[in-house]
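# Examining the three-dimensional arrangement
Given next are the chains, with one letter for each unit.
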Amino acid sequence: MSDLGHVLILAGGLSPEREVSLRSGARLRDALREAGVDADTADADAGLIPAVIADPPSAVYPAIHGASGEDGSIQEVLTLLGVPYVGALPGACRFAFDKPTAKAIARAAGLATPASVTLPKETFHDLGAGTVLDRIVATLGLPLFVKPARGGSALGATLVGTAEDLPGDTALIERCVLGTEVAVGVIDLGSGPEALPPVEIRPVAGGYDYAARYTPGQTEFHVPARLTAAESKAVTEAAITAHRVLGLRDVSRTDLIVSDGAAFFLEVNVAPGLTETSTLPMALDAAGRSLGTVCRDLLCQAAARGT
């Protein structure tokens, strides 16, 4: 076995993405074991802290998706426990997990991102939903893409084609930019962030919603993405920029749309999925890299830095 020692993969949690997280954790555990690492999985429940205190792992790989796994909460707990872990620090997780904040930081860094407005449901109630929606449509046009401000796996994301379809309780309403959707993974094994081959995402029918992401056969993936050399350069540079300016470390995945040759930043994920339909493992495979080996090296890096 690896001289890394015993490592722990956190998977599960209580978010709507629990089942996906469990699949990610199981796949990562098996990949790490194949790479010679003594790896086990654990859920983020009441038994976690006593277990970690009783038998501290050499390092932890958080594979919990959605709230608590990506909003900085579990990272705060691991920091309190003094346990090294893979991934971004709590503050950076909070910035990345909040989509309007991440968009603002990306835009300030010079990245293109679809025009949007961010409004709590109270605004629609206090000012009149119809009046507010009329101004949104007049400013952003149609169609629009409606997203919860926080969350992942496309949960709650909806394409809206008419003003009547706009809900009045959504935080982020974004101009729908039509084009080629790509996901770009970024890893940093100590020499700076490196972009993996872009993965092109083509849902068989409808949009890239939760079912399309995690049901085999519902989405076509092309790795590397079918982009021009200039477009490929644009999306990889955008992913590295997002990783840097959001203060991320070790691993991330940036989602973008390529339209008329331009790359539009959508959002960034600090705990990319590792299931059989997740894009990060596909990109690693296309780059000739093993999921288990790369994650082993990330764990070794976390153990060496100590936090």
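Above this text is the structure in question.
Notes on the structure in this doc start here. (Residues numbered from 1 in each chain as written. Predicted model: local features only at pLDDT ≥ 70, side-chain atom pairs only at ≥ 80, totals over all residues. Heavy atoms only, no water.)

## Re the pairing of strand β12 (residues 251-259)
Operational definition: Here the term buried applies to any residue with accessible area under 20% of the maximum for its type, exposed to any over 50%, and partly exposed to those in between, with areas from a 1.4 Å probe on protein chains only. Helix and strand assignments follow DSSP, with helices taken as H or I runs no shorter than four residues and strands as E runs no shorter than two, numbered in order from the N terminus. Paired strands, in this sense, are two strands between which DSSP finds at least two bridges.
With nine of nine residues buried, β12 is to be regarded as a mostly interior element. The alternating pattern of β12 places Val251, Arg253, Asp255, Ile257 and Ser259 and Ser252, Thr254, Leu256 and Val258 on opposite faces, both of which are buried. Bridge analysis of strand β8 (residues 180-187) against β12 gives eight bridges, and the strand direction is antiparallel. Bridged to Gly185 within β12 is Arg253. In this structure, β12 lies alongside strand β13 (residues 262-269), joined through seven bridges in antiparallel fashion.

## What to know about the sheet that holds strand β1 (residues 6-10)
The criterion, for reference: Every axis corresponds to a line fitted to the C-alpha atoms, with the helix fit spanning only the stretch in contact, and the corresponding angles, defined between N-to-C directions, vary from 0 to 180 degrees. Contacts are assigned to residue pairs that have any heavy atoms within 4.5 Å of one another.
Taken in spatial order, the three strands line up as β2-β1-β3 in an open sheet, and their pairing is parallel. The sheet is open, and its two edges are formed by β2 (38-42) and β3 (59-62), each paired on a single side. Pairwise comparison of adjacent strand axes, ignoring direction, gives a mean angle of 25 degrees for this sheet. Running over the sheet, helix α1 (residues 18-34) touches β1, β2 and β3 and is turned about 170 degrees from β2. Against the sheet, helix α3 (residues 73-81) makes contact with β1 and β3, and its axis sits at roughly 175 degrees relative to β3, the strand it touches most.

## Let's talk about the pattern of salt bridges
Put simply, the test is: A carboxyl oxygen of Asp or Glu within 4 Å of a side-chain nitrogen of Lys or Arg is what we treat as a salt bridge.
Per the counting criterion, the structure on display carries 15 salt bridges. Residue Glu276 is joined to Arg23 by a salt bridge in which the shortest nitrogen-to-oxygen separation is 3.0 Å. Of this pair, Glu276 sits in the loop between β13 and α10 (279-286) while Arg23 sits in helix α1; the two residues are 253 residues apart in sequence, bridging distant segments of the chain. Lys147 is the partner of Glu174 in a salt bridge, and the nearest nitrogen-oxygen pair spans 3.1 Å. Pair noted here: Glu174 is in strand β7 (residues 172-175) and Lys147 is in strand β5 (residues 144-147), with a separation of 27 residues, a long-range link. Taking the relative accessible area as the measure of exposure, Lys147 reaches 5% and is therefore buried. Residues participating in the shared-partner salt-bridge network are Lys103, Lys147, Glu174 and Glu267.

## Quick look at the packing of aromatic side chains
How two aromatic rings sit relative to each other is given by the distance of their centres and the angle of their planes. Stated precisely, the cut-off is as follows: Centres within 6.5 Å are what make two rings of Phe, Tyr or Trp a pair, Trp counting through its six-membered ring; a difference in plane orientation under 30 degrees is then read as stacked, over 60 as edge-to-face, and the rest as tilted. Two conditions define a charge located above a ring, namely a distance within 6 Å from the ring centre to NZ of Lys or CZ of Arg, and an angle within 35 degrees of the ring normal.
Here the structure, examined in full by the defined rule, presents zero aromatic pairs. Between Arg249 and the ring centre of Tyr85, over which it is positioned, the NZ or CZ distance is 5.3 Å.

## Topic: the nonpolar core
For the record, the criterion: The term nonpolar core refers to a set of buried residues drawn from Ala, Val, Leu, Ile, Met, Phe, Trp, Tyr and Cys, joined through side-chain atoms within 4.5 Å.
Residues Leu32, Tyr61 and Leu299 are the most contacted members of the largest nonpolar core, which totals 27 residues. Going through the elements one at a time, β1, α1, β3, α10 and α11 (291-305) are the ones with two or more residues in this core. When residues of this core are assigned to their parent elements, the largest contribution, six residues, is made by α11. With 24 residues, the next largest nonpolar core counts Ala88, Ala96, Ala263 and Phe265 among its residues.

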